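Coordinates in review
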Amino acid sequence: MSRTLSWECVDGNEAAASVAHRLSDVCALYPITPASPMGELADQWSDHGRTNIWGEVPDIIQLQSEAGAIGTLHGAVQAGALATTFTSSQGLLLMLPNLFKIAGELTPAVLHVAARAIATHALSIFGDHSDVMAARATGWGMLASNNVQEAHDIAAIAHASALSSRLPFIHFFDGFRTSHEVNRIRPLSDDDLRELVDADAVMAQRARAMTPARPVLRGTAQNPDVFFQSREAANPYYAAAPEVVAATMDRFAELTGRRYGLVEYHGPADADRVIVAMGSGIATLKTTADALNEAGERVGVLTVRLYRPFPAAALAAALPDTVRAVAVLDRVKEPGAPAEPLHLDVVTALADYADNPPKVIGGRYGLGSKEFAPRDAAAVFAELAKLRDGESVKRRFTVGITDDVTNLSLPTDPGFTVSTKAVEAVFYGLGSDGTVGANKNSVKLIGQNTDLYAQGYFVYDSKKSGSTTISHLRFGPDPIDAPYLIEAADFVAVHQFGLLAKLPVLDIARPGATVLLAAPYSGAELWNHLPPAVQRASQEQKLRVQVIDAGAVAKEAGLGGRINTVMQACFFALADVLPVDQALTLIKESAKKTYAKRGERVLRANVDAIDAALAALTELAIPADAPVDPTPTAGKAPAAAPTDIAGTIRALIAGEGESLPVSAFPAGGTFPTGTAAWEKRGLADQLPVWEPASCIDCGKCTLACPHAAIRMKAYDPALPEPEGFLSKATMGRDFPPGTRLTIQVSPDDCTGCAICVSVCPPSCLTMVPADEARESERAGFNHFLTIPERDRTSVRTNTVKGSQLLQPLFEFSGACSGCGETPYLKLLSQLLGDRMIVANATGCSSIYGGNLPTTPWTVDPNGRGPTWNNSLFEDNAEFGLGLEIGSTE
């Protein structure tokens, strides 16, 4: 009988880490996105004294690299401890040598992997199975979870199976799609875990500990006479492992009522077509199969849960005898292979164990977190229908993209959707504005305080601050296992008014949807400030548009620019998920938990903002005589390649990357520099305006600017100046008398961090509302760009002023507003940029410096500038050394 706890709302990382922490003595860590939260939580829990199921606080240790983390884990398990770690992507690859060792020594351990793409032509921090597939030859058992509940449950099964089988296990789930999805789960109690884990197996691991009391020799060097035989000696353990895992799953079902299998078939007993896959795409496939079966088709889905040791006989037995066509979907690309890994395993299993094997084709999907929607699953089932009927098919295919180079992609029906009872809500915000945090909180409030199921998934740009975030929330009476994005929302919130002009944010609203806009206008005056496309959508879709000057409410309450609490209160008032009074009470209780440690002032400011939010809501008034703009609504770019790489980059800036075809991208991943200047994000609410009369020419404002958005130039007084352009005579002896000097901000690139104002000795810069200064400063900056750049031999580069008169060859980066790193890179580019070769270490510098679609590294008027490349995190010094000794410059 289960003793599981009540419902909790957590993300996949927390679901897995909760089990791992309670079943470990040692957690050896090194952070890597998107697995970092697992280690951070384990560290936090131990720091707060939370114990494992044996009453001991696990030892948490962070090492210098993933190689150090797995080396420490290797030592811990050889000393008889129960140990775990958490990793992704390159982190897992750096562990491979020790993984072979740990498995070869038949030592239980568990790695929890938020599966993520491996860097190839480019870095991707997003999800696919590249990393775990690279580890499939190490000898570790491998178990896959498909959703947040399974990340919790299969974590426990992995730990228990490792102890009972003596094989180490990798437990993996899809990075971001599962690791960062918030959903409602039934957590396992400590008693559940104690009953699941074999106490004798725990004691056996302890007994194998290396100790002077029982000295042994392990890790020998072997000669050709015995190595082969010794390698084969472990075969019985691998042969027995599937039965051990199956027995553990049966025991888990007895304890919790939740049943898992090595492989699991979903569909009718007489299916003629089946898709085989692993990971979060399974739910999409099942939902699609159910919709097709209701329409009269006979299709099924086969989930592979135990990937290593591969359960070949179980897989063949699970397929209905009626199946005539099978497609295997892999979330990985193995260049040069005849098929992807799971595809090859399935073909081998059917050849060995099926009496009349069906025809098998295979394809790739979802690389780098590419969306895998029901229409994509339906396209694969449609291709299988052709295979079943003996028609010509693509035996190797891709789905979810348009491949106009090798023509491997399957066509999809954009009109194919599946129905849902859930309320679907989408929120647009900017990185670091609190939107995502507020939405995670909303999901937890609903999931833990109502009978509704709740799901939250958050689409991030790999840039951290100032880039668009899109939160997809679902609430409904039935369990929600929908690992794909919302395409027709009942509720749309836009937390940053500037996004209305940049993105087709209302295209996602279904007819009659409620829209919440944060805008510096009332509902009565907003209409004339809306872009034509937004006006048209409001009329044609009959949208109910509510408006709030959230910035003013937040500022009045003492929250500065943090509008997340204000917008959260408005969401609950409009979305009809909870009674408003109950929702506001829950939000305030949550605020107390979140902000109490930051002091009474911060807590009171949040409570005041919640109280003031609803009173500030007004409804958009559409004038009776408002014309409908005939311009067609901006849609996604057509599936055709831009004519050049500049066209590709501009399409990416416009948010149209999802629909770009393969031919739009350069093989090998080489892109031009100087593209951040095209982006013009316009993030600043306030801009610095220069007062020439009090300026002392010190250059500190431009030196400190993290984004090179405020510049200084000295120039010949004969150069014409447009009316209103601000300048002054230079001071000192650096230039001939009468030489003019100007300091100018780029209003569309400034982030409004005000660092320039804070470092200005004479206070000649003043922050003013962006709406008041943007047009004049834009005209000023356009003229500023026509002023010739200084020859670097004409200034003293050993002074602040002299250095700041040189063109920065690092400009308008996507770094966080007020970043402390980028001013140094900008200065370096001013001094040495025309001679720089940059060896970059993976981290923030690769996101603000080399993240598509734009890069701040740029060129001087002669076309010279920094050239940039990135290898890994750990090998940066060696990579740079290689560039230096190999350079022909």
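Residues numbered from 1 in each chain as written. Predicted model: local features only at pLDDT ≥ 70, side-chain atom pairs only at ≥ 80, totals over all residues. Heavy atoms only, no water.

**Describing the overall build of the protein**
For the protein, the count of helices and strands is 30 helices and 29 strands. The globule rule puts the C-alpha radius of gyration for 889 residues at 29 Å, and the 30 Å found for the protein is close to it. C-alpha atoms of the protein, sized along the principal axes, occupy 90 × 70 × 65 Å. Residues counted as buried form 54% of the 889 residues belonging to the protein. Within the protein, contacts between residues separated by at least 24 positions form 78% of all contacts whose residues are at least 6 apart in sequence. Only carbon and sulfur atoms are counted for the fraction: they give 53% of the accessible area of the protein, which is about 36,900 Å². The average position of the 75 basic charges and that of the 99 acidic charges among the side chains of the protein differ by 2 Å. (Helix = DSSP H or I, 4+ residues; strand = E, 2+ residues; numbered from the N terminus. Rg over C-alpha atoms; globule rule 2.2 N^0.38 Å. Buried < 20%, exposed > 50% of the residue type's maximum accessible area, 1.4 Å probe, protein only. Contact = heavy atoms within 4.5 Å. Areas by Shrake-Rupley, 256 points an atom, 1.4 Å probe, with all protein chains shown as cover. Lys, Arg positive; Asp, Glu negative; His and termini not counted. Charge placed at Lys NZ, Arg CZ, Asp CG, Glu CD.)

**Regarding the nonpolar core**
By size, the foremost hydrophobic cluster in this structure holds 50 residues, and its most contacted members are L99, L111, I170, F172, V276, F310 and L315. Here this core gets five residues from one element, more than from any other, and that element is helix α3 (residues 66-78). In this view, L111 contacts I70, T85, T87, L92, M95, L99, W140, F169, I170 and H171; residues no more than four positions away in its chain are not counted. Formed by 42 residues, the second largest nonpolar core is a distinct cluster that contains A454, V566, L578 and I587. (Core = buried A, V, L, I, M, F, W, Y, C linked by side-chain atoms within 4.5 Å.)

**Structural notes on a positive patch on the surface**
Among the surface-exposed residues, R324, K359, R395 and R396 lie close enough to one another that they form a single positively charged patch. Take R395: its relative accessible area is 44%, and that puts it in the partly exposed class. (Patch = residues over 30% accessible without salt bridge, like charges linked within 9 Å, V, L, I, M, F, W, Y side chains within 5 Å. Salt bridge = Lys/Arg side-chain N within 4 Å of Asp/Glu carboxyl O.)

**So, the pairing of strand β20 (residues 509-518)**
Judged by how many residues are buried, β20 sits mostly within the fold: seven of ten residues are covered. As paired strands, β20 and strand β21 (residues 544-548) are joined by five bridges and run parallel to one another. Note on β21: the bridge partner recorded for L517 is V547. Between the parallel elements β20 and β21, the chain passes through helix α18 (residues 532-540) in a crossover that is right-handed. (Pairing = 2+ DSSP bridges. Right-handed = clockwise from strand over helix to strand, strands pointing away.)

**Some thoughts on the pairing of strand β8 (residues 182-185)**
Taken residue by residue, a regular strand's side chains alternate between the two faces of the sheet. A two-sided burial pattern is seen for β8, the buried positions comprising V182 and R184 on one face and N183 and I185 on the other. Pairing geometry for strand β1 (residues 8-11) and β8, over four bridges, is antiparallel. Of the residues in β8, the one forming a bridge with E8 is I185.

**A look at the sheet that holds strand β5 (residues 110-115)**
Spatial ordering of the open sheet is given by β3-β2-β4-β5-β7-β6-β12, a layout of seven strands whose pairing is mixed. Either end of the sheet is taken by a strand with one partner, and the two such strands are β3 (59-62) and β12 (306-308). With strand direction ignored, the average angle separating the axes of adjacent strands in the sheet is 20°. Bridging between β5 and strand β7 (residues 169-174) involves six bridges; their strand directions are parallel. Directly across from V110, in β7, lies its bridge partner F169. Each of β2 (26-29), β3, β4 (83-87) and β5 is contacted by α3, which is oriented at about 165° to β4, the strand it contacts most. (Axes fitted to C-alpha atoms, helices over the stretch in contact; angles between N-to-C directions.)

**Notes on the sheet that holds strand β18 (residues 468-476)**
Strands pair in a sheet through their backbones, by hydrogen bonds, and they do so in one of two ways: parallel or antiparallel. If you trace the nine strands from one edge of the open sheet to the other, you get β1-β8-β17-β18-β16-β19-β20-β21-β22, paired in mixed fashion. Unpaired on one side and paired on the other, β1 and β22 (618-619) mark the two borders of the sheet. Two elements, strand β17 (residues 453-459) and β18, share seven bridges in a ladder whose sense is antiparallel. Pairing of Q455 across the sheet is with R474, part of β18. Sheet strands in contact with helix α7 (residues 148-165) are β1 and β8, and its direction is about 60° off that of β8. Relative to β18, helix α16 (residues 435-449) is tilted by about 10°, and along the sheet it contacts β1, β8, β16 (423-430), β17 and β18.

**Some thoughts on the side chain of D860**
The residue D860 is located in the loop between α29 (844-850) and β29 (867-870) in this model. No salt bridge is formed by the buried D860. Its closest oppositely charged neighbour is R864, at 5.6 Å. Of note is the side chain of D860, whose polar atom sits 2.8 Å from the backbone nitrogen of N862. Setting aside residues no more than four positions away along its own chain, D860 makes contact with Q807, L809 and D834. (Polar contact = N/O pair within 3.5 Å; in protein donor to acceptor, adjacent residues only side chain to side chain.)

**Focus: the environment of F252**
Here F252 is to be found in helix α11 (residues 235-256). It is 9.1 Å that separates the C-alpha atoms of F252 and L193, two residues lying 59 residues apart in sequence.

**Focus: the environment of R214**
On the secondary structure map, R214 appears in the loop between α9 (199-207) and α10 (227-232). Dropping the residues within four chain positions of it, R214 is found in contact with R206, A207 and A209. Here A207 takes part through its backbone oxygen, which lies 3.1 Å from a polar atom of the side chain of R214.

**A few points about the pattern of salt bridges**
Applying the stated criterion across every chain yields a total of 40 salt bridges. Here R474 and E424 are joined by a salt bridge, their closest N and O atoms 2.9 Å apart. Taken together, the residues span a long stretch of sequence, with R474 in strand β18 and E424 in strand β16 at a distance of 50 residues. It is possible to trace a salt-bridge network through shared partners that takes in D272, R273, E297, R298, R388 and D389.

**Observations regarding α18**
Taken as a whole, α18 has its buried residues at V534, Q535, R536, A537, S538 and Q539. Those residues of α18 hidden inside the fold are in contact with α17 (499-502) and β21. K542 occupies a position one or two residues after α18 and carries a positive phi of about 50°.

**Describing a nonpolar patch on the surface**
A cluster of nonpolar side chains, I401, V405 and V662, forms an exposed patch at the surface whose accessible area comes to about 200 Å². Its location among the elements puts V662 in the loop between α23 (645-653) and β23 (686-690). Here V662 falls in the partly exposed class, since its relative accessible area comes to 30%.

**Section: the environment of A714**
Its location among the elements puts A714 in strand β24 (residues 710-715). Along the primary structure A714 and R324 are separated by 390 residues, whereas in three dimensions their C-alpha atoms are 77 Å apart.

**Looking at the confidence of the model for the protein**
For the protein, the mean per-residue pLDDT works out to 93, and 97% of the residues sit at or above 70. Per-residue pLDDT stays below 50 along residues 632-638; that stretch engages in eleven contacts with residues further than four places along the chain or on separate chains. (pLDDT = per-residue confidence, 0-100.)

**What about the packing of aromatic side chains?**
Using the criterion set out here, one finds 17 aromatic pairs in the structure. On the numbers, 5.2 Å between centres and 45° between planes, the contact of F126 with F176 is tilted. Taken together, the residues F126 in the loop between β5 and α6 (130-134) and F176 in the loop between β7 and β8 connect sequence positions 50 residues apart. Look at F810 and W857: their rings are 4.6 Å apart centre to centre, the planes differ by 70°, and that puts the pair in the edge-to-face class. (Phe/Tyr/Trp six-rings, centres within 6.5 Å; stacked < 30°, edge-to-face > 60°.)

**Some points on α3**
Taking 1.5 Å of rise per residue, 13 residues should cover 18 Å, and α3 covers 18 Å from first to last C-alpha, within 8% of that figure. Within α3 the residues assigned to the buried category are E66, G68, A69, I70, L73, H74, A76, V77 and Q78. Elements that come into contact with the buried residues of α3 comprise β2, β4, α4 (89-94), α5 (96-104), β5 and α9. Capping the start of α3 is the job of one residue whose side-chain oxygen sits 3.2 Å from the backbone nitrogen of A67: S65. Immediately downstream of α3, the backbone of G80 shows phi near 95°, a positive value. (Expected span 1.5 Å × (residues − 1).)

**Some words on the packing of α7 against α11**
With their axes 9 Å apart at the nearest point, α7 and α11 run at an angle of 135° to one another. Between α7 and α11, the interaxial angle falls into the category oblique. The two elements α7 and α11 meet at a crossing, and its hand is right-handed. Between α7 and α11, the contacting residues are D153, I157, A160, S161, S164 and S165 on the first element and Y237, V244, V245, T248, M249 and F252 on the second. Residues of the contact of α7 with α11, tallied by class, amount to seven nonpolar, four polar and one charged. (Parallel < 35°, antiparallel > 145°, perpendicular 65-115°, else oblique. Left-handed = near helix turned anticlockwise from the far one by under 90°. Nonpolar A, V, L, I, M, F, W, Y, C, P; charged D, E, K, R; others polar.)

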